[in-house]
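Below, each chain spelled out in residue letters.
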Amino acid sequence: MLLEFRVIELKMKHEWTIATGVNNPSGGSTAVKTVVIQLKDGGLVGLGEAARSGRYEQPTDVIVDFLKKIDPSKLSFDNIPGSMAYLDTLTDKHPYHDSSAKCGINIALLDGATKKAKVPIYDFFKLGFKENKHISSYTIGIDKAEVITKKVLEAAPFPILKVKLGAPNDREIMAALRAAAPTKTVRVDANEGWKTKEEALRNIEWLATDPNVEFIEQPLPAITPAKEMAWLKSRSPLPLLADESYHTAKDIDFCVECFHGVNVKLLKTGGISNAYEALQVARKHKMKTMIGCMVETSILIGAAAHLAELTDFLDIDGNILCNNDPYIGPTAENKGMVTFAGATEQYGLRVKARAADPFAS
Ligand SMILES: [Mg+2]
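These figures come from a predicted structure and were not determined experimentally.

Trainee: Whenever I open this one, the environment of Val35 confuses me. Can you help?
Mentor: Relative to the assigned elements, Val35 resides in strand 2 (residues 29-41). Between the alpha carbons of Val35 and Ser100 there is a distance of 9.5 Å; along the sequence they are 65 residues apart. With near-sequence residues (within four places) excluded, Val35 lies in contact with Phe5, Val7, Glu49, Ala50, Thr60, Ile63, Val64 and Gly104.

Trainee: Which parts of the structure should I look at to understand the pairing of strand 9 (residues 261-264)?
Mentor: Residues Gly261 and Asn263 of strand 9 are buried on one face, and the alternating residues Val262 and Val264, pointing to the opposite face, are buried as well. Pairing of strand 8 (residues 240-242) with strand 9 involves two bridges; the strand directions are parallel. Following the sheet pairing, Leu241 is matched in strand 9 by Gly261. Crossover strand 8 to strand 9 through helix 9 (residues 252-258) is right-handed. Across four bridges, strand 9 lies against strand 10 (residues 288-291) in parallel orientation. Note that in strand 10 the partner of Val264 across the bridge is Ile291.

Trainee: Would you explain helix 7 (residues 197-207) in this entry?
Mentor: Helical periodicity: at 3.6 residues per turn, an α-helix aligns residues three or four positions apart in one direction. Buried within helix 7 we find Lys197, Ala200, Asn203, Ile204 and Leu207. Summarising the axial view, the buried residues of helix 7 lie within an arc of 125 degrees, below the 170-degree limit, and thus occupy one face. Turned more than 90 degrees away from the buried face of helix 7, the exposed residues are Glu198 and Arg202. For helix 7, the secondary structure elements touched by its buried residues are helix 6 (170-180), strand 6 (185-189), strand 7 (213-217) and helix 8 (226-235).

Trainee: Looking at this structure, I do not really get the sheet that holds strand 3 (residues 44-51). What am I missing?
Mentor: Hydrogen bonding along the main chain pairs the strands of a sheet, whether they run parallel or antiparallel. Here three strands make up an open sheet; going across it, the order is 1-2-3 and the pairing antiparallel. Each edge of the open sheet carries a strand with a single partner, namely strand 1 (2-16) and strand 3. Neighbour-to-neighbour, the strand axes of the sheet open up by a mean angle of 25 degrees, direction not taken into account. Strand direction decides the pairing type here: strand 1 and strand 2, joined by eleven bridges, are antiparallel. Opposite Leu2, over in strand 2, you have Lys40 as the bridge partner. Together, strand 2 and strand 3 form the strand contacts of helix 3 (residues 99-116), whose direction differs from that of strand 3 by roughly 155 degrees.

Trainee: Can you help me understand helix 5 (residues 145-154) in this one?
Mentor: Looking at helix 5, one finds that the buried residues are Ile148, Lys151 and Val152. Down the axis, helix 5 shows its buried residues gathered within 100 degrees of arc, on one side only. Residues Glu146 and Leu153 are exposed on helix 5 and point more than 90 degrees away from its buried face. Its buried side turned inward, helix 5 meets strand 1, strand 4 (138-140), strand 5 (160-164) and helix 6.

Quick notes on the rules
- Residues numbered from 1 in each chain as written.
- Predicted model: local features only at pLDDT ≥ 70, side-chain atom pairs only at ≥ 80, totals over all residues.
- Helix = DSSP H or I, 4+ residues; strand = E, 2+ residues; numbered from the N terminus.
- Contact = placed C-beta atoms within 7 Å.
- Buried ≥ 20, exposed ≤ 12 C-beta atoms within 10 Å, placed from the backbone.
- Pairing = 2+ DSSP bridges.
- Right-handed = clockwise from strand over helix to strand, strands pointing away.
- Arc of directions from axis to C-beta.
- Axes fitted to C-alpha atoms, helices over the stretch in contact; angles between N-to-C directions.

Next comes the structure, spelled out in structure tokens:
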């Protein structure tokens, strides 16, 4: 087995800011790095991707350091659990560390294994995929009111918006959004930006006066004690979804106590295999389920799309927030409707490089 990776830079259509970055004096991001991965065994190629994350202390250099530690001869398309167990031996930090690099390898292994078996990943998991059913939200990052209005008007074809709040100008952001899209369905992501349960409740009660706000994601910091989060859950007029509080299936008991649903991300779970488990466990507990994303290429977006049948909500727009995605596969770029119709690759992840393959040079 041969392991290759490239750090590439995705150019953002708009400067990108969320609650954790509002105090950054240099402003939002205009480009976001990600690490694309290739595993090769004979003629078989598995594609993977490891998204960077400041929140989870996994910048690209941490991801690259981990990938360099891997002995590819210990990885096999024929033994994914064994290969993942080997990766766990390479990390001695907190179990959540290196989840992004492990995610990248897990996707590449599954892509290779399912190409070999001549099935798409969604059939490997016996989920299937229904066309014309799954709509992804389109995300509006934190910004000045006039930019919000412009972004929301540009997002007119998308029927569901996700708006990032948790900034000092939350009310201006919502007013600007509503000026441009008065009745569109909106999901709010506070990204841990409200600091006390009382502040969060005030904000949620204000947002609930808008009949088209669907739910609130991560109103309080993940370190907030369960008792305070449960206090908020019992009073919240809108459903609360855990994002930063739900890494893997292991966090389910805390989330059942404190939230109505969970947002699963492959970066947090360490790949598709664990994301499948995190979604199934949440569904068994009657929690609402969602898959979210980072700013990432069609590799990670595609990987998430294969699990769509396990979700109530999707937020897989990372590849359409940037304008130089080097890959093509399942996408929600047309009105948010997730489709495999443009995916020319039949098996595995159903993702291919465009003309400019990052691995061609
Ligand atoms: Mg979130």
